[in-house]
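Coordinates in review
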Amino acid sequence: MRKKETASLGMGVIMVGMPGCGKGTQAKMLKEEFNFKILGTGDLLRKRCQEEPSFEKQYGHIMDSGKLLPDDVVNETLCKHFDSLPVWSRWILDGFPRTISQYQRIRECLLEKRREHPIIILHFSGVLKIVLLGRILSRKVGRKDDNKYSFAIRAKEYTENTPGLMEVFKSDEFLVKMVRATSHIELVSANVLSALNL
């Protein structure tokens, strides 16, 4: 795999896909090999729960159930990390935005960033729900929301929200690339690098 020979060039990646489709794995690969900064809302929110007892008390039980937090809470948490990124940075939004409403709240910021460097939407698809659930339940280091009930909620929300979200991305002229997530990890990684021209 090619290393960081173009790491100084800015780029944004928005990863969209069902839970368990491999977004996190591919995000980590891009971080390790090409110096991308991962802005995973789930990780940022869980970190905030650990650091802010009042936040954990108010929202921790919602996250544990697998439900989505209010858009304004997610947006506030994300923007604390997103707005400070320099022009030359490489960043990944892992699992956000999930809804049109979430996108609209950060739309202007994304369009402004796109003037600085390209932003590519990677849409992971092609994996059966039963396979995705198996991947989640077999994780060696699982989270509290890695269970059948939470998966069903997140899968339902993905199915309901994603088609409209992708249409909005296209209407705003973002480059959308499909990534089949059915292959072995190395093959999926190769498809991701090809889509990003890395």
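Our structure is the block above this text.
Quick caveat: nothing in here was measured; it's all calculated off a predicted structure.

Some words on the pairing of strand β4 (residues 119-125)
Here is the key point about a regular strand: its side chains alternate between the two faces of the sheet. Along β4, six of the seven residues are buried, which leaves the element largely enclosed by surrounding structure. In this sheet, β4 lies alongside strand β1 (residues 11-16) in parallel orientation, the contact comprising five bridges. Counterpart to V13 in the pairing with β4 is I120.

Regarding the pattern of salt bridges
Pairs may arise between side chains of opposite charge once their charged atoms sit close together. Scanning the model with the defined rule gives six salt bridges in all. In this structure, the salt-bridge partner of E108 is R107, at a minimum N-O distance of 2.9 Å. D172 is paired through a salt bridge with R107; the nearest N and O atoms lie 2.8 Å apart. Here D172 is found in the loop between α7 (148-171) and β5 (175-180), whereas its partner R107 is found in helix α5 (residues 100-116), with 65 residues between them in sequence. Of the residues examined, D172 reaches a relative accessible area of 12% and is grouped as buried.

Some words on the packing of aromatic side chains
Enumeration according to the criterion identifies four aromatic pairs in this entry. Where Y103 meets F169, the ring centres are 5.2 Å apart and the plane angle is 75 degrees; that geometry is what we call edge-to-face. Taken together, the residues span a long stretch of sequence, with Y103 in helix α5 and F169 in helix α7 at a distance of 66 residues. When its relative accessible area of 0% is taken as the criterion, F169 is described as buried. Considering the side-chain rings of Y103 and F174, the 6.3 Å spacing of their centres and the 80 degrees angle between planes classify their relative orientation as edge-to-face. Here Y103, found in helix α5, pairs with F174, found in the loop between α7 and β5; they are 71 residues apart in sequence, far enough to count as distant. Using a relative accessible area of 1% as the deciding quantity, one classes Y103 as buried. A cation sits over an aromatic face here: R114 above F174, 4.4 Å from the ring centre.

Some details on helix α2 (residues 41-51)
Considered for burial, the residues of α2 that qualify are T41, L44, L45, R48 and C49. Buried residues of α2 fall within an arc of 140 degrees about the axis and therefore sit on the same side. Away from the buried face of α2 by more than 90 degrees, exposed residues Q50 and E51 are located. The elements touched by buried residues of α2 are β2 (37-40), α3 (53-64), α4 (71-82) and β3 (90-94).

What to know about the nonpolar core
Within soluble globular proteins, side chains that are nonpolar tend to cluster in buried spots. Counting 59 residues, the largest nonpolar core has L30, L110 and L122 as its most contacted members. Take this core: its biggest share by element is seven residues, from α7.

Looking at the sheet that holds β1
The five strands are arranged β2-β3-β1-β4-β5 in an open sheet whose pairing can be described as parallel. Looking at the sheet topology across the chains shown, the edges are occupied by β2 and β5. The mean inter-strand angle of the sheet, taken between neighbouring strand axes irrespective of direction, is 25 degrees. Pairing geometry for β2 and β3, over four bridges, is parallel.

A word on unusual backbone geometry
As a rule of thumb, non-glycine residues mostly have phi less than zero, and peptide bonds are mostly trans rather than cis. The phi angle at N35 is positive, at roughly 60 degrees, despite the residue not being glycine. Positionally, N35 belongs in the loop between α1 (23-34) and β2. Looking at N35, the relative accessible area reads 43%, which means it is partly exposed.

Looking at a positive patch on the surface
Taken together, the side chains of K28, K31, K37 and K47 present a region of like positive charge at the surface. Mapping K47 onto the fold places it in helix α2.

Re the environment of A155
Considering the arrangement of structural elements, one finds A155 in helix α7. A residue is classified by how much of its surface remains accessible, and A155, at 3% relative accessible area, is buried. Considered as a pair, A155 and G20 are 135 residues apart in the sequence and their alpha carbons are 9.9 Å apart. Those residues in contact with A155, other than ones at most four positions away along the chain, are M18 and P19.

Criteria and cut-off values
- Residues numbered from 1 in each chain as written.
- Predicted model: local features only at pLDDT ≥ 70, side-chain atom pairs only at ≥ 80, totals over all residues.
- Heavy atoms only, no water.
- Buried < 20%, exposed > 50% of the residue type's maximum accessible area, 1.4 Å probe, protein only.
- Helix = DSSP H or I, 4+ residues; strand = E, 2+ residues; numbered from the N terminus.
- Pairing = 2+ DSSP bridges.
- Salt bridge = Lys/Arg side-chain N within 4 Å of Asp/Glu carboxyl O.
- Phe/Tyr/Trp six-rings, centres within 6.5 Å; stacked < 30°, edge-to-face > 60°.
- Lys NZ or Arg CZ within 6 Å of the ring centre and 35° of its normal.
- Arc of directions from axis to C-beta.
- Contact = heavy atoms within 4.5 Å.
- Core = buried A, V, L, I, M, F, W, Y, C linked by side-chain atoms within 4.5 Å.
- Axes fitted to C-alpha atoms, helices over the stretch in contact; angles between N-to-C directions.
- Patch = residues over 30% accessible without salt bridge, like charges linked within 9 Å, V, L, I, M, F, W, Y side chains within 5 Å.
- Areas by Shrake-Rupley, 256 points an atom, 1.4 Å probe, with all protein chains shown as cover.
- Lys, Arg positive; Asp, Glu negative; His and termini not counted.
- Charge placed at Lys NZ, Arg CZ, Asp CG, Glu CD.

In short, geometric facts, not functional conclusions.
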